[in-house]
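A closer look at the structure
Each chain is listed here by its residues.
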Amino acid sequence: MASMHPITFIKMHGLGNDFVVLDSRGGPAITTPALARALGDRNRGVGFDQLAEIRDSDSADYALEFWNTDGSRAGACGNASRCVASLMLEGRDAVRFTTERGLLHAKRAEGGMIAVNMGHPQLDWAEVPLAGPTDTAHLPIEGDPAAVGMGNPHCIFFVPDAEAVDLAALGPGLEHHPLFPARTNVEFASLAGPDHLRMRVWERGAGVTLACGSGTCATAVAAHLRGLTGRRVTVDVDGGRLTIDWREDGVWMTGPVARVFDATLSPDWLEAV
Ligand SMILES: N[C@H](CCC[C@H](N)C(=O)O)C(=O)O
């Protein structure tokens, strides 16, 4: 892939859910499926769970586009949204940005944390999307999972012990289950205490990750709808802790972010992509 200008990027993570952030505002979009796959290669590229590209927006402060390591697009990514917001919040109290699912908001929270409103959950089968009319609260899949959309699809299982689940063994089959025509992210959660969940995730297009913001929101929504928790919960994922608050104006997610390094892609490497 030839490029006229050096491409710089920022490596970030939220609870170990790691990202390459590209900023192509003021110019043409950079990411292609081939570039996402090459950059996502942890041996020959940089490595990430998702790539987030910042674009210009007519209606908000900026727009965000998300890519998985397999070169597919993701409609939502909560942790990358929080990471990019932390950059954009410099000198501002709040930011508004557009994603595939619409307008979202983010702001600073206590202790250096960043909070993002991930919007309203999608509980209708067509919105998730599922393959046909189905009760999203109880899917006809062994283990009685629920389906929740957060701008991307999630299939959530409540199990006695999330830590005992073999994600790598179960993830691929569920990601490609025929009930989910756009594939799905898969979460396994157990109740760790009052309004406290333990959750682990297999991500569509990326595999096992240490955290998934949209998945945490979807799990908190499903847990509340099943009567397991209130509307505000603490969720422990493999990479740390997120707080989810399902309010009137949407599902808020609060947690830490980290900027790891800034770098420039080598033109020679880019040429070979
Ligand atoms: N890690 C992201 C979700 C990526 C979802 C992606 N794997 C998809 O294809 O939907 C998050 O923090 O929300």
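Just so it is clear, the structure is predicted and the values come from calculations on it, not from any experiment. (Residues numbered from 1 in each chain as written. Predicted model: local features only at pLDDT ≥ 70, side-chain atom pairs only at ≥ 80, totals over all residues.)

Things to note about the environment of Thr 264
This is how the line gets drawn: Helix and strand definitions follow DSSP, with helices as H or I runs of at least four residues and strands as E runs of at least two, each counted in order from the N terminus. Whether two residues are in contact is decided by their C-beta atoms, placed from the backbone, lying within 7 Å.
The topology assignment puts Thr 264 in strand β17 (residues 258-264). Between the C-alpha atom of Thr 264 and that of Thr 8, which follows or precedes it by 256 residues, the distance is 4.2 Å. Once you skip the residues sitting within four places of it in the chain, Thr 264 turns out to touch Pro 6, Ile 7 and Thr 8.

A word on the domain arrangement of the chain
The condition that has to hold: The split into domains, and so the bounds of each, comes from an automatic or database assignment of domains. Polar here means any residue other than Ala, Val, Leu, Ile, Met, Phe, Trp, Tyr, Cys and Pro, which are nonpolar, and Asp, Glu, Lys and Arg, which are charged; Gly is therefore polar.
Split into domains, the chain comes out as domain 1 (8-118 + 257-271) and domain 2 (146-248). In this structure, domain 1 and domain 2 have C-alpha centres spaced 22 Å apart. Among the residues forming the side of domain 1 that touches domain 2, the class breakdown is five nonpolar, eleven polar and five charged.

Some details on the environment of Val 257
Where we set the bar: The exposure scheme places C-beta atoms from the backbone and then counts, for each residue, the other C-beta atoms within 10 Å of its own, assigning buried at 20 or more, exposed at 12 or fewer, and partly exposed in between.
When you line up the elements, Val 257 lands in the loop between β16 (250-255) and β17. Among the residues examined, Val 257 registers 21 C-beta atoms within 10 Å and is labelled buried. With 72 residues separating them along the chain, Val 257 and Asn 185 place their C-alpha atoms 22 Å apart. Setting aside residues no more than four positions away along its own chain, Val 257 makes contact with Met 12, Gly 14, Arg 82, Cys 83, Ser 86 and Ile 114.

Describing the site of the ligand
Note the following rule: Think of it this way: take the backbone, place a C-beta atom on it, and check whether that atom is within 6 Å of the molecule or strand, in which case the residue is near it.
Residues in close proximity to the ligand total 18 residues, the closest being Ala 74, Asn 79, Asn 152, Gly 213 and Ser 214. Listed by contribution, the elements that provide at least two residues to the shell around the ligand are α2 (78-88) and α4 (213-225). Here the shell around the ligand is built from residues that sort into five nonpolar, ten polar and three charged. Counting contributing residues per domain, the shell around the ligand is built from domain 1 (8-118 + 257-271) and domain 2 (146-248), each supplying no fewer than three.

Some details on the UniProt feature "binding site: substrate" (unreviewed entry) in the chain
Our working definition: UniProt positions are given in the numbering used here, feature names are shortened, and annotations may be inferred rather than shown by experiment.
Annotation from UniProt places "binding site: substrate" (unreviewed entry) at Asn 17, Gln 50, Asn 68, Gly 78, Asn 79, Asn 152, Asn 185, Glu 203, Arg 204, Gly 213 and Ser 214. By secondary structure assignment, the location of Asn 79 is in helix α2. Structurally, the position occupied by Asn 152 is in the loop between β9 (146-149) and β10 (153-158). With near-sequence residues (within four places) excluded, Asn 152 lies in contact with Ala 74, Gly 75, Ala 76, Asn 185 and Ser 214.

Comments concerning the pairing of β16
Applied cut-off: One requirement defines pairing of two strands: DSSP has to find at least two bridges between them.
Alignment of strand β8 (residues 114-117) against β16, held across four bridges, turns out to be antiparallel. Directly across from Ala 115, in β16, lies its bridge partner Thr 254. Pairing analysis gives five bridges linking strand β15 (residues 240-247) to β16, with the strands arranged antiparallel. When the sheet's bridge partners are listed, Trp 246 is paired in β16 with Val 251.

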